[in-house]
Amino acid sequence: MSSGSNSLMWFRKGLRIHDNQALEYAANNSTHVYPVFVIDPHFMKPDPNAFSPGSNLAGLNRIRFLLESLVDLDSSLKKLGSRLLVLHGEPTDVLIRCLKEWDIKRLCFEYDTDPYYQALDRKVKNYASESGIEIFSPMSHTLFNPSEIIEKNGGKPPLSYLPFLKLAGEPDWSISSLSVIPPIGDLKNCEVSEVPTVKQLGYEDIHEEDPPLFKGGESEALRRLQESTNNKEWVANFERPKGDPSAFIKPSTTMLSPYLKFGCLSSRYFYHCIKEIQKEVKNHTSPPVSLIGQLIWRDFFYTVGFGTPNFDRMRGNAICRQIPWNDDDELLAAWRDARTGFPWIDAIMVQLRKWGWIHQLARHSVACFLTRGDLFVHWEKGRDVFDRLLIDSDWAINNGNWLWVSCSSFFYQYKRIHSPISFGKTYDPTGTYIRHFLPVLKDMPNEYIYEPWKAPLSIQQKAKCIIGKDYPKPVICHDDASKECKRKLAAAFKLNKKLNGVVSDEDMKELRRKLAEDQGEGTDSGRLKQKLI
Ligand code: FAD
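Residues numbered from 1 in each chain as written. Predicted model: local features only at pLDDT ≥ 70, side-chain atom pairs only at ≥ 80, totals over all residues. Heavy atoms only, no water.

### Structural notes on the overall build of the chain
Link 1 in the chain: Each helix and strand in the chain was counted, giving 23 helices and five strands.
Link 2 in the chain: In terms of C-alpha radius of gyration, the chain reaches 25 Å, essentially the compact-globule figure of 24 Å for 533 residues.
Link 3 in the chain: On the principal axes, the C-alpha backbone points of the chain span a range of 80 × 55 × 55 Å.
Link 4 in the chain: Residue burial in the chain is summarised as follows: out of 533 residues, 57% are buried.
Link 5 in the chain: Of the roughly 23,100 Å² of accessible surface on the chain, a fraction of 52% belongs to carbon and sulfur atoms. (Helix = DSSP H or I, 4+ residues; strand = E, 2+ residues; numbered from the N terminus. Rg over C-alpha atoms; globule rule 2.2 N^0.38 Å. Buried < 20%, exposed > 50% of the residue type's maximum accessible area, 1.4 Å probe, protein only. Areas by Shrake-Rupley, 256 points an atom, 1.4 Å probe, with all protein chains shown as cover.)

Listed below in C-alpha cells is the structure:
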C-alpha cells in the first residue's frame, strides 16, 4: 500500500461489490478510499411536463430502482468499513472539486462506452492527467472489451452474431473478494449526503405497480440470480425465441436485465454461473439461443454501438437504412399511451408503464407495430419511449434492438411482420394477459378479445365495454397498414441499394413525393392512408 495515497472510487453503473475491478484496485492500493456517487440532474431532475412521472429522461420506476440500488450499495460498503458518499450536481464539476479537496492521487471508475459517459470521462480524465492523478478505468460492464473485438476485426465492429462469437472467445474470469475497504478520509468542504429518497429528489412517491416488481440492488440481484439458476435443467435448456411473452405470473426469462443495466449484477459472474451449470448438465443449448447466447447478444450490441458513429440515429449512421418514416405524434401518443385499439399492443404498453419491463417478444410486437409493421412511425421515437419507461433501458441494447426490429439494420426481412392480432393469440388464446393489463376488456368473450371492434353491440354491452367509448376503436386497419408499410419499405430498400446507402435529404424528399404520388388519393382505407403519407 502506498502511504498517504487517497483514491476516489466513482460509481456510475457497476453498483456492486462483487467482480468490481475498479473498487478492488482502489481498495488494494490506498490509505483512504472515497466511494462516490453523483446525482446528475441530467438524468434525475424532475420534469413535470414529461408524459409519465419522472425526470426528462427516466421514468420513476427506473429512478426508484437506482435509489434502491444505492441504498443497498451503501449498506454493503458499510459492512466493509466504508460508506457511499452521495453528491449532487454536474458530475465533472463535482468530481473535479472532490479530486482537489481530498487530494486524490488515484481515480477509479468502470469504463463506460455510452456516449454520455464518454464525454464526461474525457473531461475528468483531462483534468486528472494534467494534475498527475492516476486513472484506473477497467472494462467490467461487459463480458468482452469492445475495443479489442473491433481491433481484432480490422478496426470495424462485426455486424453479425457468428463472426462476433468467433472473435469474442471466452471472457476472462477470476473470482475475487473484498473483505475490507480502507476508511474514508477527511471530507473537508465537500457537501455529501445520504442516498436521497424519491420524495427528497422532488418526485411524488407513486407506484405504478404495488408492490413494484423489481427491487433495486446487488443483494436482490444475487438472490434473483440464485433463484433463476436453481433450476439447472431450465438454465441448460433455455432457448430463444421459445418462451411465452404473455406469461406474467411467472415470466419465461430471468428478468435480470435491470440488474445488468445498473451493474448490480456482473455479466461475467452471471456467465460464469451458467458455465458451471453447463459442466453438470452436459446436454444444453448453445449460442445464439442459449442463456449464454443472450449475454453475448448484449455484448454484441455494446460492441457495434461503440464502434458505429451516430449509432443512436438514422441520419449519419452508416449501418442504418434510410427510410422515410412518418412524423405522426398522434399515432405515437396512441401507441405510447396504450390507446391503439389493438388489445395485444395496448396490454403490452400498460405492462411496460407499470412494471418497467416486458418480455423480448412483447418488445418485438410493439416495436414492429409502431414502425415497419403498421404505424410507420420513426424507430427513434419508439426508442425514446422505451428509453424512458424501461428500468433496463440501455443505450447500446435499446438502440440496437430498435434498429433490428424496424429493419433498419442487422435484419432486413421486412415482409415478416408480427400481427397485432394473431401473434399474441398463439401464446394466449383466451387473452388472460390482456384481461389482466386491460381490465376494461375483462368480460369480452374469448372470440373477440384480440379484435373487440368485431364484437356485435349486444356483446359489447354485455361485456360492459363499448368500443369507441370504453375502449378505443383500432387506429388503423392492420391489413391495409401492413401492406402500405411493405410498399414503402420495398421502395426505400431499393433506393438504399441503388445509392449504396448514401441517401441525401433530397433523395429522401423525392422518395416521399413518389410514394405519396403512387399511393393516389381517395382510396377507402381513409385515415390509415392519410396518416401514412
Ligand atoms: P433473458 O432472456 O433472461 O436474458 C438474459 C440477459 O441477456 C438479459 O437480461 C439481457 O442483458 C441480455 N439479452 C437478452 N436478450 C437480449 C437482446 N435481444 N439484446 C441484447 N441483450 C439481450 N434489453 C435491455 O437490457 N435494455 C434495453 O433497453 C432493451 N431494449 C430493447 C428494445 C427492443 C425493441 C427489443 C426488441 C429488445 C430490447 N432489449 C433490451 C432486449 C431484451 O428484450 C431484454 O434484454 C430482455 O427481454 C430482458 O429480459 P431478461 O433479463 O429476462 O432476459
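### Things to note about the sheet that holds strand β4 (residues 104-109)
Link 1 in the chain: A sheet is described by the order of its strands in space; here five strands give the open sequence β3-β2-β1-β4-β5, paired in parallel fashion. Two strands in the sheet have a free side with no partner beyond their single neighbour: β3 (85-88) and β5 (134-136). For this sheet, the mean inter-axis angle between neighbouring strands, taken without regard to orientation, is 30°.
Link 2 in the chain: Summarising the sheet, strand β1 (residues 6-11) and β4 pair through five bridges and their orientation is parallel. Across the sheet, residue L8 finds its bridge partner in β4, namely L107.
Link 3 in the chain: Sheet strands touched by helix α1 (residues 21-28): β1, β2 (32-39), β4 and β5. Its angle to β4, the strand with the most contacts, is close to 160°. (Pairing = 2+ DSSP bridges. Axes fitted to C-alpha atoms, helices over the stretch in contact; angles between N-to-C directions. Contact = heavy atoms within 4.5 Å.)

### Focus on the side chain of Q118
Link 1 in the chain: Tracing the sequence through the fold places Q118 in helix α5 (residues 115-130).
Link 2 in the chain: There is a polar contact of 2.8 Å between the side chain of Q118 and the backbone oxygen of D112. (Polar contact = N/O pair within 3.5 Å; in protein donor to acceptor, adjacent residues only side chain to side chain.)

### Examining the site of the ligand
Link 1 in the chain: Within the structure, the ligand sits among 30 residues, and R240, T253, T254, M255 and Q360 are positioned closest to it.
Link 2 in the chain: Measuring from an oxygen atom of the ligand, one finds a side-chain N or O atom of Q360 at 2.7 Å.
Link 3 in the chain: At 3.0 Å, a backbone N or O of D394 approaches an oxygen atom of the ligand.
Link 4 in the chain: Alone, the ligand offers 820 Å² of accessible surface; in the complex the protein occludes 99% of this.
Link 5 in the chain: Put simply, the parts of the chain that give the shell around the ligand at least two residues each are α10 (257-261), α12 (291-307), α15 (360-373) and α17 (395-405).
Link 6 in the chain: A class-by-class count of the residues in the shell around the ligand yields 16 nonpolar, nine polar and five charged. (Near = heavy atom within 4 Å. Nonpolar A, V, L, I, M, F, W, Y, C, P; charged D, E, K, R; others polar.)

### A short note on the packing of helix α7 (residues 161-168) against α12
Link 1 in the chain: Direction vectors running N to C along α7 and α12 enclose 95°, while the axes themselves pass 10 Å from each other. Our classification of the angle between α7 and α12 gives roughly perpendicular. Counted together, Y161, F164 and L165 of α7 and G293, I296, W297, D299, F300 and T303 of α12 form the full contact between these two elements.
Link 2 in the chain: Class assignment for the residues of the contact of α7 with α12 results in six nonpolar, two polar and one charged. (Parallel < 35°, antiparallel > 145°, perpendicular 65-115°, else oblique.)

### Observations regarding the side chain of D19
Link 1 in the chain: By secondary structure assignment, the location of D19 is in the loop between β1 and α1.
Link 2 in the chain: Under the relative-accessibility criterion, D19 is labelled buried at 4%.
Link 3 in the chain: Within the local environment of D19, its side chain forms a polar contact with the side chain of S266, the two groups lying 2.6 Å apart.
Link 4 in the chain: Within the structure, the side chain of D19 is placed 2.6 Å from the side chain of R268, a separation counted as a polar contact.
Link 5 in the chain: Leaving out residues up to four positions away in the same chain, D19 has contacts with W173, S176, S266, R268 and Y269.

### What to know about the packing of α15 against α17
Link 1 in the chain: Where α15 contacts α17, the two axes come as close as 9 Å, and the packing angle between them is 60°. Between α15 and α17, the angle is such that the two are oblique. α15 and α17 meet at a crossing whose hand is right-handed. For the pair formed by α15 and α17, the contact residues are Q360, H364, A367, C368, L370, T371 and R372 on the first element and N401, W402, W404 and V405 on the second.
Link 2 in the chain: Counted by class, the contact of α15 with α17 contains six nonpolar, four polar and one charged residues. (Left-handed = near helix turned anticlockwise from the far one by under 90°.)

### Focus: the pattern of salt bridges
Link 1 in the chain: This structure, assessed with the given rule, holds 35 salt bridges.
Link 2 in the chain: Measuring nitrogen to oxygen at the nearest pair gives 3.0 Å for the salt bridge that ties D112 to K13. Placement of D112 in the loop between β4 and α5 and of K13 in the loop between β1 and α1 is noted, with a sequence separation of 99 residues between them.
Link 3 in the chain: Since its relative accessible area comes to 4%, D112 is described here as buried.
Link 4 in the chain: Assessed through its relative accessible area of 9%, K13 is described here as buried.
Link 5 in the chain: Here E220 ties to R224 by a salt bridge, and the two come within 2.9 Å at their closest N and O atoms. Taken together, the positions of E220 and R224, both in helix α8 (residues 218-230) and four residues apart, correspond to about one turn of that helix. Here the two residues E220 and R224 agree in accessibility, since each one is buried.
Link 6 in the chain: Each of E220, R223, R224 and E227 takes part in one network of salt bridges that share partners. (Salt bridge = Lys/Arg side-chain N within 4 Å of Asp/Glu carboxyl O.)

### Quick look at the packing of aromatic side chains
Link 1 in the chain: Taken as a whole, this structure holds 39 aromatic pairs when the rule is applied.
Link 2 in the chain: For the pair W404 and F411, a centre-to-centre distance of 6.0 Å together with 5° between the ring planes defines the contact as stacked.
Link 3 in the chain: Residue classification places W404 among the partly exposed residues on the basis of a relative accessible area of 21%.
Link 4 in the chain: We note R388 situated over the ring of F51; from NZ or CZ to the ring centre the distance is 5.4 Å. (Phe/Tyr/Trp six-rings, centres within 6.5 Å; stacked < 30°, edge-to-face > 60°. Lys NZ or Arg CZ within 6 Å of the ring centre and 35° of its normal.)

### Considering α15
Link 1 in the chain: For α15, with 14 residues, the first-to-last C-alpha span of 17 Å runs short of the 20 Å given by 1.5 Å per residue.
Link 2 in the chain: Largest kink in α15: about 35°, centred on A367.
Link 3 in the chain: For α15, a buried count of 13 out of 14 residues is recorded, marking the element as mostly surrounded by other parts of the structure. (Expected span 1.5 Å × (residues − 1). Bend = angle between axes of the 7 residues up to and from the residue.)

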